[in-house]
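The lines below spell out each chain.
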Amino acid sequence: LFGIDCASGDTFISEGAPKYTMESIHVPDPVISLSIKPKNKNDLDNFSKGINRFQREDPTFKVHYEEESKETIISGMGELHLEIYAERLKSEYNCPCITGKPKVAFRETITTPIKFDYLHKKQSGGAGQYGRIIGNLTPLTDDELTTVRFEDNTVGMNIPKQFIPAIEKGFLEACEKGFISG
């Protein structure tokens, strides 16, 4: 049959035949994962077409996008299995790819209270930039381990109130990546 949109495990019957419900096939969990990306950014369209087709054809071939590392991760039943799909992208879709080990997202945490005093000076030809921030980082309780809290404890008018939202945004962005790994 040509031109029928189907996937592995679909069952076809002729018209008028009794309709059977077939048990679905057992699909084992993937055992290996690789990161993959096209060598050329212009091949992204062909890359997407190929990956989508391979997913429809093979229920053991899984794909997901890892938001933290910004990588496309393919998973399958072995290294050869995934290498074949990378080679098929090159030969069938004219999309050579780069494969590698997936990046690991590291996490940092504060274990003890710490005081900090940071001075930012940058001279770039004009008036330059100057800023100083003094503060405390304190670990939260065990039930709040996944939350980040910003408290504005400034006194006086040293920092105009309209700058506080931008300072909070920068603090929260720094907390997403961490000091050491970000």
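Look up: the structure comes first, before these words.
Residues numbered from 1 in each chain as written. Predicted model: local features only at pLDDT ≥ 70, side-chain atom pairs only at ≥ 80, totals over all residues. Heavy atoms only, no water.

S.K.: So what exactly am I meant to see when it comes to the layout of surface pockets here?
M.R.: If you roll a probe as big as a water molecule over the atoms, it shows you where there is empty space left. Roughly 300 Å³ of internal volume is contained in the second largest pocket. Around the second largest pocket, the lining comprises 16 residues; the ones closest to its centre are Ile36, Lys37, Lys70, Glu71 and Thr72. Where the lining of the second largest pocket is concerned, the elements lending two or more residues are strand E1 (32-38), helix H1 (44-57), strand E3 (71-76) and strand E4 (97-100). Ranked by residue count, the leading element in the lining of the second largest pocket is E1, at four residues. Class assignment for the residues of the lining of the second largest pocket results in six nonpolar, five polar and five charged. (1 Å grid on protein atoms, 1.4 Å probe; cavity = no way out; pocket = protein on both sides within 12 Å on 5 of 7 lines; lining within 4 Å. Points joined across faces, edges and corners; volume = space filled by probe spheres on them. Helix = DSSP H or I, 4+ residues; strand = E, 2+ residues; numbered from the N terminus. Nonpolar A, V, L, I, M, F, W, Y, C, P; charged D, E, K, R; others polar.)

S.K.: Where do I start with the sheet that holds E1 in this structure?
M.R.: Each strand in a sheet pairs with its neighbour through backbone hydrogen bonds, running either in the same direction (parallel) or in the opposite one (antiparallel). Taken in spatial order, the four strands line up as E2-E3-E1-E4 in an open sheet, and their pairing is antiparallel. Bordering the open sheet on either side are strand E2 (62-66) and E4, each of which pairs with just one other strand. Strand-to-strand twist of the sheet, defined as the mean angle between neighbouring strand axes without regard to direction, takes the value 35°. Seen against the sheet, H1 touches E1, E2, E3 and E4 and runs at an angle of roughly 150° to E1. (Pairing = 2+ DSSP bridges. Axes fitted to C-alpha atoms, helices over the stretch in contact; angles between N-to-C directions. Contact = heavy atoms within 4.5 Å.)

S.K.: Any chance you could explain the pairing of strand E5 (residues 114-122) here in plain terms?
M.R.: A regular strand carries its side chains on alternate faces of the sheet. In this sheet, strand E6 (residues 129-137) lies alongside E5 in antiparallel orientation, the contact comprising nine bridges. Paired with Tyr118 across the strands is Ile133, a residue of E6. The loop that links E5 with its antiparallel partner E6 comprises six residues; one of these, Gly125, has a positive phi angle of about 100°.

S.K.: Which parts of the structure should I look at to understand the packing of aromatic side chains?
M.R.: Describing an aromatic ring pair means giving the distance of the ring centres and the angle of the ring planes. Per the counting criterion, the structure on display carries five aromatic pairs. Aromatic pair Phe54 and Phe61: ring centres 6.4 Å apart, planes at 80°, arrangement edge-to-face. Note on accessibility: Phe54 and Phe61 belong to one class, buried. Where Phe150 meets Phe171, the ring centres are 5.6 Å apart and the plane angle is 50°; that geometry is what we call tilted. Residue Phe150 is found in the loop between E6 and helix H3 (164-177), and its partner Phe171 is found in helix H3; the two are separated by 21 residues along the sequence. Here a set of aromatic residues connected by ring pairs shows up, and it is made of Phe54, Phe61, Tyr85 and Tyr93. (Phe/Tyr/Trp six-rings, centres within 6.5 Å; stacked < 30°, edge-to-face > 60°. Buried < 20%, exposed > 50% of the residue type's maximum accessible area, 1.4 Å probe, protein only.)

S.K.: What's the story with the packing of H1 against helix H2 (residues 79-93) in this structure? I'm lost.
M.R.: In a pair of packed helices, the angle between the axes and the distance between the axes together describe the arrangement. Running from N to C, H1 and H2 point in directions that differ by 125°, and their axes come no closer than 10 Å. In terms of orientation, H1 lies oblique with respect to H2. With respect to the hand of their crossing, H1 and H2 are arranged in right-handed fashion. Side by side, H1 and H2 meet where Asn46, Phe47, Lys49, Gly50, Ile51, Arg53, Phe54 and Glu57 of the first sit next to Tyr85, Arg88, Leu89, Glu92 and Tyr93 of the second. (Parallel < 35°, antiparallel > 145°, perpendicular 65-115°, else oblique. Left-handed = near helix turned anticlockwise from the far one by under 90°.)

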